[in-house]
Amino acid sequence: MFGKKTSKPQGRIDSLVGAGTSVTGDVTFTGGLRVDGEIKGNVRGAEGQPATLVISEHARIEGEISVSHLVINGTVIGAVHSSDFLELQVRARVTGDVEYSTIEMHLGAIVQGRLVYHG
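The model shown is predicted, which means the values in this text are computed figures rather than measured ones.

## Thoughts on the overall build of the protein chain
- Along the protein chain, the regular secondary structure elements total zero helices and 16 strands.
- Over its C-alpha atoms the protein chain spans a radius of gyration of 13 Å, differing by no more than 12% from the 14 Å that the globule rule assigns to 119 residues.
- Along the first, second and third principal axes, the C-alpha set of the protein chain runs to 45 × 30 × 20 Å.
- Out of the 119 residues in the protein chain, the part that is buried amounts to 42%.
- Considering only contacts within the protein chain whose residues lie at least 6 apart along the sequence, 5% involve residues at least 24 apart.
- Carbon and sulfur atoms form 50% of the exposed surface of the protein chain, whose accessible area is close to 6,600 Å².
- Taken together, the 11 basic and 13 acidic charged side chains of the protein chain have centroids lying 4 Å from each other.

As structure tokens, this is what we get:
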């Protein structure tokens, strides 16, 4: 709140998993990644680097997610770890535990799991 400065989320998207695209296997990235398709595997930001992941309304990820900034508006089946900021938009559906530092949850978002604060 006061005096705490969070790092800014990545302003641009460097990579895209497009609608109709399915990726099987783990994904590690830097910068910004938008998912409109499907990923079956873990998704992680590169160690020590800020990373922003945007999961769109029709996207689906089956696996663990670990990034600094995360915006979910689709389906996630697996644990979610957001070290800086997490936004759960209206159509977010998360099945698994969610660990966060700062969270914004819109009316309609669903989490089936524990919400765990890590300040």
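## Examining the pattern of salt bridges
- In the structure shown here, the tally under the stated rule is six salt bridges.
- A salt bridge links Arg-91 to Glu-57; its shortest N-O distance comes to 2.9 Å. Of the two residues, Arg-91 sits in the loop between strand 11 (80–88) and strand 12 (93–95) while Glu-57 sits in the loop between strand 7 (51–55) and strand 8 (60–62), which places them 34 residues apart along the sequence.
- Since its relative accessible area comes to 46%, Arg-91 is described here as partly exposed.
- On the basis of relative accessible area, Glu-57 is assigned to the partly exposed category, the value being 37%.
- Across the pair Asp-97 and Arg-114 runs a salt bridge, and its minimum N-O distance is 3.3 Å. Here Asp-97 is found in the loop between strand 12 and strand 13 (98–100), whereas its partner Arg-114 is found in the loop between strand 15 (110–112) and strand 16 (115–117), with 17 residues between them in sequence.
- For Asp-97, a relative accessible area of 29% puts it in the partly exposed group.
- Arg-114 gets classed as exposed once you look at its relative accessible area, which sits at 52%.

## Looking at the nonpolar core
- By size, the foremost hydrophobic cluster in this structure holds 26 residues, and its most contacted members are Val-43, Leu-53, Ile-55, Ile-65, Leu-70 and Ile-72.
- Broken down by secondary-structure element, the contributors of at least two residues to this core are strand 3 (27–29), strand 4 (31–35), strand 7, strand 9 (65–72), strand 11 and strand 13.
- Residues in contact with Leu-53, not counting those within four places in the same chain, are Phe-29, Leu-33, Val-35, Val-43, Ile-61, Ile-65, Val-67, His-69, Leu-70 and Val-71.

## Looking at the environment of Leu-115
- Among the structural elements, Leu-115 can be located in strand 16.
- It is 7.7 Å that separates the C-alpha atoms of Leu-115 and Tyr-100, two residues lying 15 residues apart in sequence.
- If we skip the residues at most four places from it in the chain, Leu-115 touches Val-98, Tyr-100 and Ile-103.

## Thoughts on the confidence of the model for the protein chain
- Overall, the prediction assigns the protein chain a mean pLDDT of 92, with 91% of residues at 70 or greater.
- Counting contacts from residues 1–8, a segment whose pLDDT is below 50, to residues more than four positions away or on other chains yields five contacts.

## What to know about the sheet that holds strand 12
- The sheet built from six strands is open, its strands ordered 2-5-8-10-12-15 with parallel pairing. A strand with exactly one partner marks an edge of an open sheet, and here the two such strands are strand 2 (22–24) and strand 15. Between one strand axis and the next, the sheet turns by 5° as a mean value, whatever way the strands run.
- By the bridge criterion, three bridges tie strand 5 (residues 38–40) to strand 8 in an arrangement that is parallel. Residue pairing in the sheet places Glu-38 in a bridge with Arg-60 of strand 8.

The rules we used
Residues numbered from 1 in each chain as written. Predicted model: local features only at pLDDT ≥ 70, side-chain atom pairs only at ≥ 80, totals over all residues. Heavy atoms only, no water. Helix = DSSP H or I, 4+ residues; strand = E, 2+ residues; numbered from the N terminus. Rg over C-alpha atoms; globule rule 2.2 N^0.38 Å. Buried < 20%, exposed > 50% of the residue type's maximum accessible area, 1.4 Å probe, protein only. Contact = heavy atoms within 4.5 Å. Areas by Shrake-Rupley, 256 points an atom, 1.4 Å probe, with all protein chains shown as cover. Lys, Arg positive; Asp, Glu negative; His and termini not counted. Charge placed at Lys NZ, Arg CZ, Asp CG, Glu CD. Salt bridge = Lys/Arg side-chain N within 4 Å of Asp/Glu carboxyl O. Core = buried A, V, L, I, M, F, W, Y, C linked by side-chain atoms within 4.5 Å. pLDDT = per-residue confidence, 0-100. Pairing = 2+ DSSP bridges. Axes fitted to C-alpha atoms, helices over the stretch in contact; angles between N-to-C directions.

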